[in-house]
Every structure is written in C-alpha cells, then in structure tokens.
Amino acid sequence: MDQETPRLTRESLYLSIAEVVAERSTCRRLRVGAALVSPGGGVSIGYNGAPKSMPHCTSETCDPNGEKCLSTVHAETNAILAAARTGMTIVGGHLYCTHSPCENCARMIINSGILRVTFISLYGEEGIKLLISAGIKIGTGKPSDWE
C-alpha cells in the first residue's frame, strides 16, 4: 500500500513564502517578508527595504540604537502597494507575515480591506491591538505550532 505524502497546508505555504521573501530585505536591523493573498488566490509579496531606486539601508539611515530604520518601507506596505500596481483585488484578503505589523502598517491593513493577518513572530503589540479592535482576525506562530 502506498503511503500518502502529507500535503502542505495553505498557511504553511504562504508563511513559507513570507519567510523566503524576507531574504530579499535590505534592512540592516530586521528582515521582514509578507505574502498577501487575494480572495481569488492571487499572491502579492513584499519585503522591507528602501523605496525603489533609493540607496539601501546604511549605518547612517538605520537608527544606531536599533529601534527603527529611517529609510525602509515595511513588508506589509510593499505587499499592498505591489497589489495596487497590478490591480489585484485585496479586499477580503489574507496577509501572511514573518513579523506582526506595526501600528502604521495595521492602519493600512484595516483601510485596505484585508480580513485576516497571520504572523510568525511578535514585533510589537500596538499594531495587533489596533487590528483586533477593527475586527481583523489574527493568527500567530508557524502552523506546526498550532497542533
């Protein structure tokens, strides 16, 4: 009898995509990736880094205390903007991230119509509190941790 190979779950797939996308990050402090899935199944990706055609992060643009980078665009924002550039509908979509969204990204997520955010690592609590207060569903951790 053939042993069936377990199928990768959608959560595992999209969180894995976010982790791979984070490897493109140019931020010196923290590499973050995001995969935004439309209700129709289209995927938009984003990672944190300097705006297009701008210099990558340097020791002068990254906060010396490691608290924030002054030149980076966050992964969640880049995923939303990439969807907008291609005309992908994201209302009702699901955002998968390596890290929980900051407060500013949470505001964009709310206004963009995304209904669910799943992240692997906690970055901060303010963005999560804001998402929850707006009725956005939250998932945390790797799917292997959910069992």
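The following paragraphs examine the structure supplied in this document. Here the residue numbering is sequential within each chain, running from 1 through the sequence in written order. Only residues with pLDDT of at least 70 are given local features in this predicted model, and only at 80 or more are side-chain atom pairs given and counted; all residues enter the totals for whole chains, interfaces and linings. Neither water nor hydrogens contribute to the side-chain values; these are computed over all heavy atoms in the structure.

**Overview of the layout of surface pockets**
With a probe scaled to a water molecule rolled over the atoms, the places where space remains empty come into view.
No. 1: In this structure, the largest pocket occupies an estimated 310 Å³ of space.
No. 2: Considering the residues around the largest pocket, the lining is formed by 15 residues, among which Tyr 47, Ala 50, Pro 51, Lys 52 and Asn 78 are closest to the centre.
No. 3: Going along the chain from the N terminus, every DSSP run of H or I of four or more residues is numbered as a helix, and every run of E of two or more is numbered as a strand. Counting residues per element, the ones that place at least two in the lining of the largest pocket are β2 (43–47) and α2 (75–86). The definitions used throughout rest on a 1 Å grid laid over the protein atoms alone, on which a cavity is an enclosed set of points accommodating a 1.4 Å probe that cannot get out and a pocket is an open set flanked by protein within 12 Å on both sides along at least five of seven lines; lining residues are those having an atom within 4 Å of a point. Grid points are joined across faces, edges and corners, and a volume is the space filled by probe spheres set on the points.

**Let's talk about the nonpolar core**
No. 1: Working definition of a nonpolar core: buried Ala, Val, Leu, Ile, Met, Phe, Trp, Tyr and Cys residues. They are joined through side-chain atoms within 4.5 Å. Think of it in three bands: with a 1.4 Å probe and only protein chains considered, a residue is buried below 20% of the maximum accessible area for its type, exposed above 50%, and partly exposed in between. Counting residues in each nonpolar core, the largest one holds 19 residues, and the members touching the most others are Leu 36, Ile 90, Leu 95, Ile 109, Ile 114, Val 117 and Leu 131.
No. 2: Secondary-structure elements contributing two or more residues to this core are β1 (33–37), α2, β3 (94–99), α3 (103–112), β4 (116–121) and α4 (126–133).
No. 3: For this core, the element with the highest residue contribution is α2, accounting for 4 residues.
No. 4: Residue contacts are defined here by distance: any two heavy atoms, one from each residue, within 4.5 Å place the two residues in contact. Residue contacts for Leu 36: discarding those within four places in its chain leaves Gly 42, Val 43, Ser 44, Ala 79, Ile 80, Ala 83, Met 88, Ile 90, His 94, Leu 95 and Ile 114.
No. 5: Of all hydrophobic cores here, the second largest spans 6 residues; its members include Leu 15, Ala 35, Val 37 and Ile 120.

**Concerning the sheet that holds β1**
No. 1: Spatially, β2-β1-β3-β4-β5 is the arrangement adopted by the 5 strands of the open sheet, whose pairing is mixed. Here the strands that pair on one side only, and so sit at the sheet edges, are β2 and β5 (137–140). In this sheet, neighbouring strand axes are inclined to one another by 15 degrees on average, regardless of whether the strands run parallel or antiparallel.
No. 2: The pairing of β1 with β3 spans 4 bridges and is classified as antiparallel. Across the sheet, residue Leu 36 finds its bridge partner in β3, namely Leu 95. Two strands are counted as paired when DSSP detects at least two bridges linking them. Here the axes come from fitting lines to C-alpha atoms, over the contacting stretch only for helices, and the angles between their N-to-C directions go from 0 to 180 degrees.

**Quick notes on the pattern of salt bridges**
No. 1: Basic side-chain nitrogens of Lys or Arg form a salt bridge, by our definition, when they fall within 4 Å of a carboxyl oxygen of Asp or Glu. Throughout the structure, instances matching the rule amount to 2 salt bridges.
No. 2: Glu 103 serves as the salt-bridge partner of Arg 107, at 3.2 Å between the closest nitrogen and oxygen. In this pair, Arg 107 and Glu 103 are both assigned in helix α3, 4 residues apart and thus about one turn of the helix distant.
No. 3: Residue Glu 103 is classed as partly exposed on the basis of its relative accessible area of 33%.

**Topic: α3**
No. 1: For α3, the complete set of buried residues consists of Cys 105, Ala 106, Ile 109 and Ser 112. Buried residues of α3 fall within an arc of 130 degrees about the axis and therefore sit on the same side. α3 presents Asn 104 and Asn 111 as exposed residues on the side facing more than 90 degrees away from its buried surface. Here the arc refers to the directions that run from the helix axis out to each C-beta atom.

**Points about the environment of Leu 13**
No. 1: You can see Leu 13 is positioned in helix α1 (residues 10–22).
No. 2: Separated by 83 residues in sequence, Leu 13 and Tyr 96 place their C-alpha atoms 9.8 Å apart.

**Notes on the environment of Ser 12**
No. 1: Relative to the helices and strands, Ser 12 resides in helix α1.
No. 2: Owing to a relative accessible area of 17%, Ser 12 belongs among the buried residues under this scheme.
No. 3: When the C-alpha atoms of Ser 12 and Tyr 96 are compared, they prove to be 9.8 Å apart, with 84 residues separating the residues in sequence.
No. 4: Pairs of N or O atoms are called polar contacts if they sit within 3.5 Å, as long as, within protein, a hydrogen donor faces a hydrogen acceptor (for residues adjacent in sequence, only side-chain-to-side-chain pairs). At a separation of 3.0 Å, a polar atom in the side chain of Ser 12 contacts the side chain of Thr 9.

**Some details on the side chain of Ser 44**
No. 1: Checked against the element boundaries, Ser 44 lands in strand β2.
No. 2: Take Ser 44: its relative accessible area is 5%, and that puts it in the buried class.
No. 3: Apart from residues lying up to four places away in sequence, Ser 44 is in contact with Ala 34, Ala 35, Leu 36, Ala 79, Ala 82, Ala 83 and Met 88.

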